[in-house]
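Descriptive analysis of the structure
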Amino acid sequence: MTKKQTVIYQTRLHLVLTILLITIPFVFLLFFAWIANIPTAKLFSAVFISFVRLLAAYTIAVVLAWMLAVGFYQGKRAAIALPIFDVLQSFPTFAILPLAAYIWGPSNITVIFFLIITVIWPILFSIISSLKLAKKDWEEAAQIMGLRGKTYLRNFLLPLSIPGLVTGSIIGLGEGWEALVATEIIAGNPDGLGSFFKAHSQNVMITSLGVFGLLLLIFIINKLLWLPLLERTHNNMEE
Amino acid sequence: MNKVALSLSHVNKVFKTDGQKTVSVIHDVSLDILSGEIFVFVGPSGSGKSTLLRIMSGIEKSFTGEVKRSKDVSPHDMSFVFQQFAIMPWLTVFENVELALIARGVKQGERGHTVMRELKQLGLEKSKDSYPRDLSGGMRQRVGIARALVTNPKIIFMDEPFSELDSFTAASLRKELLDIWQERRPTIVMVTHVVEEALELADKIAVLTPRPARVEKVVVDNLPRPRDTRSKNFYQLEDELYQLIKP
């Protein structure tokens, strides 16, 4: 029988590979700065600023998506809200980017707002799908036990949401990275990865290496964080 | 004489089908269930037994008629054992049982020993950190029963609790349930389609008709406990029930 215990590293090789994966992006950035003759601090700060913007947008999107999913996943409210969410997610967000940039300028708010409305939909729909997959028996058990209010949210709806939250995050952040760079370029932010790519738009080598570096970072985050989480959360729902 | 724990008066339930036609599933059920007795509903599959149980337990709220609980039985004094266990797959055995206490607002410091007491009673203490996916059907239903018992309920509703288990496991769990009942004397309201199971456990057996469910007859089973399932009286009562049940 499986005991409940936290085993993060099965073998020493696993630990070594994990540390190696964590250091690769940093080594790559140093190499990149050296080969492209860019100040290292500038490159690191571009990556860091963009990463923090995405993280901020993602955090807000997760909280909003969860609240919307829990509030509207079933009953009459779902019949009204789900078609609205569906239309909103198809909304051509880039069409309002110039307007957002006009109102807020090339600021963090513009980028974060834009990222939120990009990232939120896959997370929202995946959580809704997770909640809808809850067995009727579980709902009835929660009901007769008397789970309600905060206890119901924390002990029933939250754990039920997690598989959808993880799946939605993987898709949402994939779209988020894409939108991040585009938004920073279009809005004209003076810092971040968008500004970096814009500044070196004439240089094929730097652009290619930059894109490669970004993909490497995304791959490593997925490998170390999202894929293990995906497996674990879905295992947790196995009966 | 025991007082009435649960009283049903002219309970009716209709379902609306997709074509907006109404189908009657429960028709005019009236009966009293006494405190501390094991009351079993038997009837053919699809007769509406589970729906009736959900109405009595308060899970199903859409019906006509009246279900009255004794004044000393609050909704917190009731629990439910499900046919397919309905234990949460993301929680360990311990956490599943503890959840019933969390729902009742029992403080963290008081929960541990109460949960462990029930786990010991049902032979689950060694599996307390296991997840449901690692347990056999019998063990899962033990968790379901432990969760139902941990709040020390006055009424326990059981929806075909042994039908997903092999016959050996079901027999041993029935015996354990009887031991617990004799020790604590909760009211047990159970539905089953297995006549022998009803005869082994029940004080009273309500025979339901095929859909819509009506009470054909309430048979009193006062065979002495522990019941000899191979005795002449047992077989006589079994014959009587089989004649009453219409497929």
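Residues numbered from 1 in each chain as written. Chains lettered and ligands numbered in written order. Predicted model: local features only at pLDDT ≥ 70, side-chain atom pairs only at ≥ 80, totals over all residues. Heavy atoms only, no water.

Here we look at the overall build of chain A
Scanning chain A from N- to C-terminus turns up nine helices and zero strands. Overall, chain A shows an N-to-C arrangement of helices and strands of α-α-α-α-α-α-α-α-α. Relative to its 239 residues, chain A shows a buried fraction of 45%. In chain A, of all internal contacts separated by at least 6 residues, the share reaching a separation of at least 24 is 75%. Of the roughly 13,200 Å² that chain A leaves accessible, carbon and sulfur atoms contribute 70%. (Helix = DSSP H or I, 4+ residues; strand = E, 2+ residues; numbered from the N terminus. Buried < 20%, exposed > 50% of the residue type's maximum accessible area, 1.4 Å probe, protein only. Contact = heavy atoms within 4.5 Å. Areas by Shrake-Rupley, 256 points an atom, 1.4 Å probe, with all protein chains shown as cover.)

A look at the pattern of salt bridges
All names here are of chain B. Under the criterion given, the structure shown has 22 salt bridges over all chains. Where K154 meets D77, a salt bridge forms, and the shortest distance between an N and an O atom there is 3.8 Å. With K154 in the loop between α4 (137-149) and β6 (155-159) and D77 in the loop between β4 (64-69) and β5 (78-81), the pair connects residues that are 77 residues apart, well separated along the chain. (Salt bridge = Lys/Arg side-chain N within 4 Å of Asp/Glu carboxyl O.)

A look at unusual backbone geometry
All names here are of chain B. Here the bond from R211 into P212 is cis, since omega is -5°, no more than 30 degrees from zero. Structurally, P212 is set in the loop between β8 (204-208) and β9 (215-220). Residue P226 is reached from R225 by a cis peptide bond, and omega for that bond is -5°. Considering the arrangement of structural elements, one finds P226 in the loop between β9 and α7 (232-244). Positioned with a positive phi, N152 is a non-glycine residue whose angle comes to about 55°. In the Ramachandran plot, E160 falls in the positive-phi region, its phi being about 40° despite a non-glycine side chain. Inspection of the secondary structure assignment puts E160 in the loop between β6 and α5 (167-184).

What about the interface of chain A and chain B?
Taken together, the 25 residues of chain A in the interface contact 33 residues of chain B. A combined buried area of about 2,600 Å² lies between chain A and chain B, and 59% of that area is made up of carbon and sulfur atoms. Our enumeration of links across chain A and chain B arrives at two salt bridges. Linking R54(B) and D137(A) is a salt bridge whose minimum nitrogen-to-oxygen distance equals 4.0 Å. Our count for the contact surface shared by chain A and chain B stands at five residue pairs in polar contact (both at pLDDT 80 or more). At the level of elements, α6 (136-145), α7 (149-187) and α9 (204-236) of chain A are the ones that each hand at least two residues to the side of chain A that touches chain B. The dominant element in the side of chain A that touches chain B, judged by the number of residues it contributes, is α6(A), at eight residues. In terms of residue class, the side of chain A that touches chain B is built from 11 nonpolar, seven polar and seven charged. (Buried area = accessible area lost by both parts, 1.4 Å probe. Polar contact = N/O pair within 3.5 Å; in protein donor to acceptor, adjacent residues only side chain to side chain. Nonpolar A, V, L, I, M, F, W, Y, C, P; charged D, E, K, R; others polar.)

The quantities given are spatial measurements derived from coordinates; they are silent on function.
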